[in-house]
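# A look at the structure
The lines below spell out each chain.
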Amino acid sequence: MRRVVLLTVVALFPAGLGAQGFRLTVENIMRGPDLVGTAPSNVRFSADGRYVHFRWRSPGVDTLDEDYRVPAAGGVPERLPRGAGDTIAMAVGPLSPDLARRLIVLEGDLYVVDRGGRKARLTETRDAESPLGWSLDGRTVYFRRDDNAWALDLGGGGLRQLTDIRRGPAPRKPEDPRGQKQVLRDQQAELFDFIRRQIALERMRADTDTVHSRKPFYLAERQSVQRLEVSPDARFVLLQVSERPRGDTVEGRQVVMPVWVTQSGYVETQQIRTKVGDAQPRQKAAIVEVETGKVTWIERDGGSEKREAEVSAVGISPNGRHALVRVTTTDYEDAWLVVVDLPSLAQREVAHLHDDAWLGGPLGLVAGWLKDGETVYYGSEETGYAHLYTVPASGGPPRALTGGDWEVLGAELSPDGRTFYLHTNEGDWGQVHFWALDVRSGEKTRLTSAEGRQDVVVSPDGRLLAVLHSTADHPPELYLQRNAPRAPMRQITESTTPEFRSFAWTKPEIVMIPARDGISVPARIYRPMGVPSNGAGVIFVHGAGYLQNVHRWWSSYYREYLFHHLLASRGYTVLDLDYRGSAGHGRAWRTAIYRHMGSKDLTDQVDAARWLVRELGLDSTRIGIYGGSYGGFITLMAMFTEPGVFAAGAALRPVTDWAHYNHPYTARILNEPQADSAAYRRSSPIYFAEGLRGRLLICHGMVDDNVHFHDTVRLVQRLIELGKENWEVAIYPVEPHGFRRNDSWTDEYRRILKLFDETIGSRPVAGAR
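Residues numbered from 1 in each chain as written. Predicted model: local features only at pLDDT ≥ 70, side-chain atom pairs only at ≥ 80, totals over all residues. Heavy atoms only, no water.

## Focus: the overall build of the protein chain
- Within the protein chain, the secondary structure is distributed over 14 helices and 43 strands.
- The C-alpha radius of gyration computed for the protein chain amounts to 29 Å, which stays within 12% of the reference 27 Å derived for 769 residues, consistent with globular compactness.
- Over its C-alpha atoms, taken along the principal directions, the protein chain stretches across nearly 95 × 65 × 55 Å.
- Counting every position in the protein chain, which comprises 769 residues, the buried fraction comes to 52%.
- For the protein chain, contacts bridging at least 24 residues in sequence account for 57% of all contacts bridging at least 6.
- For the protein chain, the computed accessible surface area is about 34600 Å², with 50% contributed by carbon and sulfur atoms. (Helix = DSSP H or I, 4+ residues; strand = E, 2+ residues; numbered from the N terminus. Rg over C-alpha atoms; globule rule 2.2 N^0.38 Å. Buried < 20%, exposed > 50% of the residue type's maximum accessible area, 1.4 Å probe, protein only. Contact = heavy atoms within 4.5 Å. Areas by Shrake-Rupley, 256 points an atom, 1.4 Å probe, with all protein chains shown as cover.)

## A word on the sheet that holds strand E11 (residues 158-161)
- Ordered by their spatial adjacency, four strands build an open sheet running E8-E9-E10-E11, and the pairing between neighbours is antiparallel. Each edge of the open sheet is held by one strand with a lone partner, namely strand E8 (129-134) and E11. Adjacent strand axes in the sheet meet at a mean angle of 30°, parallel and antiparallel pairs treated alike.
- Direction of pairing for strand E10 (residues 148-153) relative to E11: antiparallel, over a ladder of four bridges. Paired with Trp150 across the strands is Gln161, a residue of E11. (Pairing = 2+ DSSP bridges. Axes fitted to C-alpha atoms, helices over the stretch in contact; angles between N-to-C directions.)

## Some words on the nonpolar core
- In terms of nonpolar packing, the biggest core is built from 55 residues, with Ile539, Leu575, Phe640, Phe646 and Trp658 touching the most fellow members.
- Take this core: its biggest share by element is eight residues, from helix H10 (residues 630-641).
- Core analysis: the second largest hydrophobic core is formed by 42 residues, Ile29, Met30, Tyr526 and Val574 among them. (Core = buried A, V, L, I, M, F, W, Y, C linked by side-chain atoms within 4.5 Å.)

## What to know about the packing of aromatic side chains
- What the rule picks out here adds up to 33 aromatic pairs.
- On the basis of an interplanar angle of 65° and a centroid distance of 5.6 Å, the ring pair of Phe540 and Tyr557 is categorised as edge-to-face. Taken together, the residues Phe540 in strand E38 (residues 537-541) and Tyr557 in the loop between E38 and helix H7 (558-569) connect sequence positions 17 residues apart. Across this residue pair, the class does not change: Phe540 and Tyr557 are buried.
- Arranged with centres 6.2 Å apart and planes meeting at 35°, the rings of Trp745 and Tyr749 form a pair that is tilted. One end of the pair, Trp745, and the other, Tyr749, are both in helix H14 (residues 742-759), four residues apart, so they sit about a helical turn from each other. Across the pair, Tyr749 and Trp745 agree in class, each one buried.
- A cation over a ring is seen here: Arg453 above Trp553, with NZ or CZ 5.0 Å from the ring centre. (Phe/Tyr/Trp six-rings, centres within 6.5 Å; stacked < 30°, edge-to-face > 60°. Lys NZ or Arg CZ within 6 Å of the ring centre and 35° of its normal.)

## Topic: the side chain of His322
- Along the chain, His322 falls in strand E21 (residues 322-329).
- By relative accessible area, His322 is classed as buried at 8%.
- Side-chain polar atoms of His322 contact the side chain of Asp341, separated by 2.8 Å.
- When sequence neighbours within four positions are dropped, the list of residues in contact with His322 reads Gly315, Ile316, Ser317, Val339, Val340, Asp341, Leu342, Arg348, Trp369, Gly373, Glu374 and Ala393. (Polar contact = N/O pair within 3.5 Å; in protein donor to acceptor, adjacent residues only side chain to side chain.)

## Considerations on a nonpolar patch on the surface
- Among the surface-exposed residues, Trp260, Val261, Val267 and Val734 lie close enough to one another that they form a single nonpolar patch of about 360 Å² accessible area.
- On the secondary structure map, Val734 appears in the loop between strand E43 (727-732) and H14. (Patch = residues over 30% accessible without salt bridge, like charges linked within 9 Å, V, L, I, M, F, W, Y side chains within 5 Å. Salt bridge = Lys/Arg side-chain N within 4 Å of Asp/Glu carboxyl O.)

## Looking at the pattern of salt bridges
- Summed over the entire model, instances satisfying the criterion amount to 46 salt bridges.
- Close ionic contact of Asp355 with Arg590 constitutes a salt bridge, the shortest N to O distance being 3.3 Å. With a gap of 235 residues between them, Asp355 in the loop between strand E23 (347-354) and strand E24 (367-369) and Arg590 in helix H8 (residues 587-590) connect regions that are remote in the sequence.
- We note a salt bridge from Arg527 to Glu509, for which the minimum N-O separation is 3.1 Å. Remark: Glu509 occurs in strand E36 (residues 509-514) and Arg527 occurs in the loop between strand E37 (520-526) and E38; sequence separation between them is 18 residues.
- Judged by relative accessible area, which is 36%, Arg527 ranks as partly exposed.
- By sharing partners, the salt bridges in this structure join Asp355, Glu381, Arg587 and Arg590 into a single network.

## As for helix H11 (residues 663-670)
- Along H11, the residues that are buried comprise His663, Thr666, Ala667, Ile669 and Leu670.
- In this fold, the buried residues of H11 make contact with helix H12 (677-683).
- Here H11 starts with a cap whose side-chain oxygen sits 3.1 Å from the backbone nitrogen of Tyr665, and that cap is Asn662.
- Remark: Asn671 follows H11 within two positions and exhibits a positive phi of approximately 65°.

## Observations concerning the packing of helix H9 (residues 600-616) against H10
- Across the interface, H9 lies against H10 with an axial gap of 10 Å and an inter-helix angle of 70°. One finds that H9 runs roughly perpendicular with respect to H10. With respect to the hand of their crossing, H9 and H10 are arranged in right-handed fashion. Note on element contacts: H10 touches H9 through Tyr630, Phe633, Ile634, Met637, Ala638 and Thr641, opposite Asp601, Leu602 and Gln605.
- Split by residue class, the contact of H9 with H10 holds six nonpolar, two polar and one charged. (Parallel < 35°, antiparallel > 145°, perpendicular 65-115°, else oblique. Left-handed = near helix turned anticlockwise from the far one by under 90°. Nonpolar A, V, L, I, M, F, W, Y, C, P; charged D, E, K, R; others polar.)

## Some details on helix H13 (residues 709-722)
- With 14 residues, H13 extends 20 Å between its outermost C-alpha atoms, agreeing within 8% with the 20 Å of an ideal straight helix rising 1.5 Å per residue.
- Turning to H13, its buried residues number three or more, namely Phe709, Asp711, Thr712, Leu715, Val716 and Leu719. Seen from one end, H13 has its buried residues packed into an arc of 145°, which puts them on one side.
- Contacts made by the buried residues of H13 are with H10, strand E42 (695-701) and E43.
- The first or second residue beyond H13 is Gly723, which carries a positive phi of 70°. (Expected span 1.5 Å × (residues − 1). Arc of directions from axis to C-beta.)

## Observations regarding the sheet that holds strand E4 (residues 78-79)
- Read across the open sheet, the four strands follow the order E1-E2-E3-E4; overall the sheet is antiparallel. At either margin of the open sheet sits one strand with a lone partner, and together these are strand E1 (38-45) and E4.
- Two elements, strand E2 (residues 51-57) and strand E3 (residues 66-71), share six bridges in a ladder whose sense is antiparallel. Considered in E3, the bridge of Tyr51 is made with Pro71.

## Quick notes on the environment of Asp153
- Note on placement: Asp153 falls in strand E10.
- For Asp153, a relative accessible area of 31% translates into the label partly exposed.
- The sequence separation of Asp153 and Thr163 amounts to 10 residues, and the corresponding C-alpha distance is 16 Å.
- Setting aside residues no more than four positions away along its own chain, Asp153 makes contact with Arg139, Thr140 and Gly158.
- At 2.7 Å, the side chain of Asp153 forms a polar contact with the backbone nitrogen of Gly155.

## What about unusual backbone geometry?
- A cis amide bond links Leu342 with the next residue in sequence, Pro343, at an omega value of 10°.
- Mapped onto the elements, Pro343 comes out in the loop between strand E22 (334-341) and E23.
- Backbone geometry places Ala234, a non-glycine residue, at a positive phi of 60°.
- Relative to the elements of secondary structure, Ala234 occurs in the loop between strand E14 (223-230) and strand E15 (236-243).
- Residues other than glycine seldom take positive phi values, yet Asn726 does so here, at roughly 60°.

Now the structure itself:
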């Protein structure tokens, strides 16, 4: 009833004017958090479960994000003194086997905290430390310091270094002088103190290596420790090392980005990322035998001579009998979960994941151990949707814990190992709810019930849920709920400003657009609001490619959501599609763009434009399109390759040539440019610029470290050489990929609105609806 009343009131006011006088103008809606507010984030329970902590910017009170807490029993949020959050024990970090204590880090040092919140300090050093785990009897804790694993006996047994990982080259063995110019070596040592000290240091390191029974491991050049995990009995350490490519080669060269507006007054530069197809860091995993220091690398190939594979550490089983690693081919099409038995180091493949396009999806990297230490769990899209599976460590057929034409978006095992907590879109891909799955029986219970999206953190005792809940017309707020099916939620925060709440923002209607191949494509529609249709339509293309924007929760593109209200108040009809390649709709939808971006993801936009004409009576010559990043790329492809469909387009921070984007994202979809040049050529707008017919606006930040400004510069030169007209570029000297300044947002969207008003807007059309 409230929604009906608000919509009725809006119709009584002139276009762009809200019921309480809020004006829909570009300047107003591009104020970002100053209008919409800043939602709570980083939600955590205190270790004793008495408080829920979060970061927040209370409207009208804070100018920066601050640390807040609220009693778990409910109440008014309390702002903490700045920096106080770093000294409070939170419910994060490894739990002891009896679940009674937790190993945490506060201000760089280790503590043990019990269920009552009582803390015991374990270390006080200048070195940063991080917790790794506990022994099976709970008497010893393991932690990382200076790239090594350490054990600390809580009963007073002392500190023990478990690994001896060192930086720098391994000491050289004494060289045989025969056949060498020993006289020159002797001369160097006689003349130079620097050489004498160098020789002495090498001898000392060599002596150290022979005195200790544990053999040290020397990191090779360009190697770094990524991960350490200690077995509960402290006999083995699972080690992951990353090796970066040589930076002095063409294949390892990083892009240099100019920074134009600086304090010095000079143009400065930053080194950012490499391009797709360049040499990339490689992951390696090994088992370290603690007693001897012996390092055994887990060697696997890619299944053929043409494919390489890298190995990443997943974890050691709770009973200490096995390690789990993931082997992934560098073409992203195959992965294996491999169990390594301890101490024999025998290897066994327990799961093989394959995708003819590329492996991915919301559970793409989910894997781990159940509490029994003999069962592996993992995520897979083998049915076409992301679901959760288990398989015995000894091998055998997998067991599906979930299934259906919906996706598990996240999975977390409860501390006692009896329950998986799941975020899924079961029943409605436009919503996300929280479920409890009994590991043994497979029985699943939905815990949340409110419309929209729920992102949930469970209290340490499992009795309470902290929920970030949002709807299509309201940003996320913090709620508390009993851990019971569909229990009522108590709202804790209100982040929006009174000015924002004075306007009747809509929950966009979701419609299904028939595509040419018979598939129905989801879209959100914004119909003319309070005024007749002007006969023109605008299609918005979300960024990221693999992202969902047609749903019933608050959009990360909230400025665009507000802008669409402005367009609707001026008579435009706006569509916002979850085109092929978007998230939330399964594997086939995700991979529909393999080896050809700008194919089905583009024709979905074209089919939507034709639907607007056919079903809503809009003028086929007055359809516009806009979007940023991937949306900017699609806008360029639309303007260059679909003549006559779109009269105007605004491409914001667009990819113009995929050969210049980053490796992990692009190589998965298009392979590497040196191996699949055809995929890059047909997917890159710069090759189709001669097809430009309508009016084009390009906007780009000059310090964009994601889609580089270089992309737009190259396209501009191409358009100049082709003699193209009716295009313009707006540049933003201090803006990265996601704009930070409200005045930049305002300038950009003024230009977009002007583009549409001058090309497709202004005049109503009889029969449009």
